[in-house]
Amino acid sequence: MKTFLIAALTADGFIAKNSDHSPLIWRSEADRRFFIGRTKEAGLVIMGLNTAKASKKPLPGRRNVIYAKSAEELPHWKEYGEWEVTQENPHDLLLRLEKDGHREAAICGGATIYTMFLEAGLIDTMYLSVEPWIFGQGIHLFQNPREQKLKLLSVRQEEETVFLEYSVLHS
Ligand SMILES: NC(=O)c1ccc[n+]([C@@H]2O[C@H](COP(=O)([O-])OP(=O)(O)OC[C@H]3O[C@@H](n4cnc5c(N)ncnc54)[C@H](OP(=O)(O)O)[C@@H]3O)[C@@H](O)[C@H]2O)c1
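Before going into details, it helps to say that this report is about the structure given with it. (Residues numbered from 1 in each chain as written. Predicted model: local features only at pLDDT ≥ 70, side-chain atom pairs only at ≥ 80, totals over all residues. Heavy atoms only, no water.)

## Remarks on the site of the ligand
If you check the shell around the ligand, you find 29 residues, and the closest are Ala 8, Asn 18, His 21, Thr 51 and Thr 112. In the environment of the ligand, an oxygen atom lies 3.0 Å from a nitrogen or oxygen atom belonging to the side chain of Asn 50. A distance of 2.9 Å separates an oxygen atom of the ligand from a polar side-chain atom of Lys 69. For the ligand, whose unbound accessible area comes to 940 Å², protein coverage reaches 83%. A majority-of-atoms criterion places the ligand in the largest pocket. Counting residues per element, the ones that place at least two in the shell around the ligand are strand S1 (2–10), strand S2 (14–16), helix H2 (49–55) and helix H4 (111–119). A breakdown of the residues in the shell around the ligand according to their chemical character gives 15 nonpolar, 11 polar and 3 charged. (Near = heavy atom within 4 Å. Polar contact = N/O pair within 3.5 Å; in protein donor to acceptor, adjacent residues only side chain to side chain. Areas by Shrake-Rupley, 256 points an atom, 1.4 Å probe, with all protein chains shown as cover. 1 Å grid on protein atoms, 1.4 Å probe; cavity = no way out; pocket = protein on both sides within 12 Å on 5 of 7 lines; lining within 4 Å. Sits in = over half its atoms within 2 Å of the grid points. Helix = DSSP H or I, 4+ residues; strand = E, 2+ residues; numbered from the N terminus. Nonpolar A, V, L, I, M, F, W, Y, C, P; charged D, E, K, R; others polar.)

Right under this line is the structure:
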């Protein structure tokens with residue numbers, strides 16, 4: 001299973017001001033288009049409970065797998081699709097989803113889930129969209145990750161957003 005992390009970052013490196021701060025409020029239209037297109041291409045999104053709550057409803061046209069203790073914690077939005085809840089370790093989850101026929105997974109945050117997959121060595125590619133904002137404080141992309149080397153694959157600007165693509169060099 002191929003995986004990619006996808007995140008919008010402020011110029012000072014934050015993904016949110018706090019755990020219920022939705023990126024929908026501050027990320028650009030160009031990034032919104034990129035996020036929708038790339039995650040629909042993957043067909044499978046994996047995220048944590050706080051991110052699911054911040055996005056309010058399942059992302060349409062994609063399988064939504066949420067790290068949470070129970071489905072009761074999530075809002076019910078049957079008309080928009082289903083959330084699936086998991087507590088599996090990332091290796092087991094990806095193996096199970098691969099058996100279901102998925103070939104690519106989008107790791108959609110937040111910091112807890114990005115860190116869990118990165119530390120498990122399960123992120124192949126990182127898409128970072130740098131937005132023209134400074135928050136000063138908030139949630140970083142990762143929570144105390146170990147040092148890792150990346151390879152820059154591409155840089156692109158659209159409107160005021162800079163799109164960076166990295167591969168993670170697994171040692
Ligand atoms: N800028 C961006 O691109 C971007 C992308 C994604 C998210 N965000 C933002 O980041 C913030 C959320 O990040 P976050 O790190 O606070 O939260 P998160 O990663 O979305 O979710 C973390 C929560 O998921 C649950 N969880 C994690 N591992 C679990 C496991 N193994 N089993 C069961 N439940 C598990 C836990 O819930 P419990 O505490 O209930 O156990 C944990 O608190 C939000 O503001 C969101 O909008 C920004």
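## Overview of unusual backbone geometry
Of the consecutive residues Gly 109 and Gly 110, the connecting peptide bond is found in the cis state with omega at 0 degrees. Considering the arrangement of structural elements, one finds Gly 110 in the loop between strand S6 (104–107) and H4. Positioned with a positive phi, Asn 144 is a non-glycine residue whose angle comes to about 45 degrees. Mapped onto the fold, Asn 144 is located in the loop between strand S8 (139–140) and strand S9 (150–158). Given a relative accessible area of 75%, Asn 144 falls into the exposed group. (Buried < 20%, exposed > 50% of the residue type's maximum accessible area, 1.4 Å probe, protein only.)

## Some thoughts on the sheet that holds strand S10 (residues 161–168)
Strand order in the open sheet made by the 8 strands is S5-S4-S3-S6-S1-S7-S10-S9, with mixed pairing throughout. Each end of this open sheet is capped by a strand with a single partner; those strands are strand S5 (83–86) and S9. Neighbour to neighbour, the strand axes of the sheet diverge by 25 degrees on average, direction disregarded. Packing of helix H1 (residues 29–42) onto the sheet brings it into contact with S1, strand S3 (44–48), S6, strand S7 (125–131), S9 and S10, and relative to S1 it is tilted by some 165 degrees. On top of the sheet, H4 reaches S1, S3, strand S4 (63–67) and S6; it is set at about 115 degrees to S3, its chief contact. (Pairing = 2+ DSSP bridges. Axes fitted to C-alpha atoms, helices over the stretch in contact; angles between N-to-C directions. Contact = heavy atoms within 4.5 Å.)

## So, the pattern of salt bridges
This structure, assessed with the given rule, holds 11 salt bridges. With a closest N to O distance of 3.6 Å, Arg 38 and Glu 41 form a salt bridge. One end of the pair, Arg 38, and the other, Glu 41, are both in helix H1, 3 residues apart, so they sit about a helical turn from each other. Assessed through its relative accessible area of 11%, Arg 38 is described here as buried. The partner of Arg 146 in a salt bridge is Glu 119, and the shortest N-O contact between them spans 3.7 Å. With Arg 146 in the loop between S8 and S9 and Glu 119 in helix H4, this residue pair connects regions lying 27 residues apart in the sequence. (Salt bridge = Lys/Arg side-chain N within 4 Å of Asp/Glu carboxyl O.)

## Section: the layout of surface pockets
Within this model, the largest pocket holds a volume of roughly 760 Å³. In this structure, the largest pocket is lined by 40 residues; those nearest its centre are Pro 23, Thr 51, Ala 54, Ser 55 and Cys 108. Elements supplying a minimum of two residues to the lining of the largest pocket: S1, S2, H1, S3, H2 and H4. (Points joined across faces, edges and corners; volume = space filled by probe spheres on them.)

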